[in-house]
Amino acid sequence: MSIDFHAQENRYTYATRRADSSWMTLVNSIVAVNGKRALEIGCGGGIYTKALADMGAASVTGLDYSREMLQAARENCSGYANIDFVLGSALGTGLLAERYDLVLQRAIIHHLTQNDLRTCFVEAFRLLRSGGILIVQDRTLEDCMLPGSKTHIRGYFFSRYPRLANLEVTCTRRPRSELVLQMLRQVGFQSVEERKLWETHAVYSNLEALSEDLLARTGYSILHALTDAELQDLVTHITYVQEQLQNAGDAEIVEQDCWTIWSAAK
């Protein structure tokens, strides 16, 4: 079972946290966001739309195919006069060509077939001005399968319930980096590069706060494949492991995920 992004009960699943400073630093090392006209394709609840505005973008448009997600995004970004949201598809946005200095596609390409991936990149190329930058961020299969640790909590999902790992292998389209790099070049992009980022997903004040987030499945779409009883078992297991790993005096739990980030210039 996967998350229904169009369901009202899932409206705020991807709208309740803030982008980590490590992400902002890396993006600014690729392109100076200040003063740029930016577009986020697949904006979800507007977390990274807001981050781009906070980084000084002159304007940011967030596009998503889910009306529920867009409603959450508008609430999340209320008060930002330089942000607007539109309903649309990554494969055909309906937006004007050569309008943006920066296009961000974060955590969307694993939802696409190989043919749709090319279409998605062609559309981004069309939207960018000459010299504009495309940033694509997603987790490869290798990123997902890294073992669990004190900070990489997601790794315990797969060691505790191996069928979740099988879902990543057989039922999703986790991108191969070689394919992404090749397709970006084929579409016409230049200066194509790949980077890795251990991005902080959340900082929890204690184990109880972590457990509450996991049990709510907040931002963890793969946990919808577990029954409530299995999820409770997983949370109990993670809590036990974390208790063993915590050092005396540790006040916070920092959760990080490994991401691959590809950048390309038009």
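Residues numbered from 1 in each chain as written. Predicted model: local features only at pLDDT ≥ 70, side-chain atom pairs only at ≥ 80, totals over all residues. Heavy atoms only, no water.

Asker: Please set out the confidence of the model for the chain residue by residue, giving values where relevant.
Answerer: One rule of thumb: low pLDDT means the predicted coordinates there are not for detailed reading. Per-chain confidence: the chain averages 91 in pLDDT, with 92% of residues scoring 70 or above. Scored below 50 in pLDDT, residues 1-15 makes 44 contacts in the model with residues more than four places away or belonging to other chains. (pLDDT = per-residue confidence, 0-100. Contact = heavy atoms within 4.5 Å.)

Asker: Talk me through helix H9 (residues 207-215); I want residue IDs and the actual numbers.
Answerer: At 3.6 residues per turn, the α-helix brings residues three or four places apart onto the same side. When H9 is considered as a whole, its buried residues turn out to be Leu207, Leu210, Ser211, Asp213 and Leu214. Angular distribution of buried residues about the axis of H9 spans 165°; they occupy a single face of the element. Facing away from the buried side of H9, by more than 90 degrees, are the exposed residues Glu208 and Glu212. Buried residues along H9 sit against helix H6 (155-160), strand S6 (190-204), helix H10 (228-245) and strand S7 (253-265). A side-chain oxygen of the first residue of H9 lies 3.2 Å from the backbone nitrogen of Glu208; this N-cap is Asn206. Phi for Arg217, located one or two positions after H9, is positive at around 60°. (Buried < 20%, exposed > 50% of the residue type's maximum accessible area, 1.4 Å probe, protein only. Helix = DSSP H or I, 4+ residues; strand = E, 2+ residues; numbered from the N terminus. Arc of directions from axis to C-beta. Polar contact = N/O pair within 3.5 Å; in protein donor to acceptor, adjacent residues only side chain to side chain.)

Asker: An account of the side chain of Asp143 is requested, with residue identities and associated values reported.
Answerer: Structurally, the position occupied by Asp143 is in helix H5 (residues 141-144). Overall, Asp143 belongs to the buried group, its relative accessible area being 2%. At a separation of 2.7 Å, a polar atom in the side chain of Asp143 contacts the side chain of Thr260. Once you skip the residues sitting within four places of it in the chain, Asp143 turns out to touch Asp138, His152, Lys196, Cys258, Trp259 and Thr260.

Asker: Tell me about the sheet that holds strand S4 (residues 100-106), and name the residues and values.
Answerer: The strands making up a sheet associate through backbone hydrogen bonding, with each pair oriented either parallel or antiparallel. If you trace the 7 strands from one edge of the open sheet to the other, you get S3-S2-S1-S4-S5-S7-S6, paired in mixed fashion. What marks the edges here is a single partner per strand, and that holds for strand S3 (83-87) and S6. The mean inter-strand angle of the sheet, taken between neighbouring strand axes irrespective of direction, is 20°. Looking at chain direction, strand S1 (residues 37-41) and strand S2 (residues 59-64) are connected through 5 bridges and run parallel. Opposite Ala38, over in S2, you have Val60 as the bridge partner. Here helix H4 (residues 114-127) sits on the sheet in contact with S1, S4 and strand S5 (128-138), set at roughly 145° to S5. (Pairing = 2+ DSSP bridges. Axes fitted to C-alpha atoms, helices over the stretch in contact; angles between N-to-C directions.)

Asker: Pulling in residues and values, what's your account of the pattern of salt bridges?
Answerer: Pairs can form between side chains of opposite charge whenever their charged atoms are close. Per the stated rule, a full pass over the model turns up 15 salt bridges. When the shortest N-O distance is used, the salt bridge between Arg129 and Asp101 registers 3.2 Å. Here Arg129 is found in strand S5, whereas its partner Asp101 is found in strand S4, with 28 residues between them in sequence. A relative accessible area of 33% places Arg129 in the partly exposed class. In this structure, the salt-bridge partner of Arg106 is Glu199, at a minimum N-O distance of 3.3 Å. Taken as a pair, Arg106 in strand S4 and Glu199 in strand S6 lie far apart in primary sequence, 93 residues in all. The class of Arg106 is buried, set by a relative accessible area of 10%. (Salt bridge = Lys/Arg side-chain N within 4 Å of Asp/Glu carboxyl O.)

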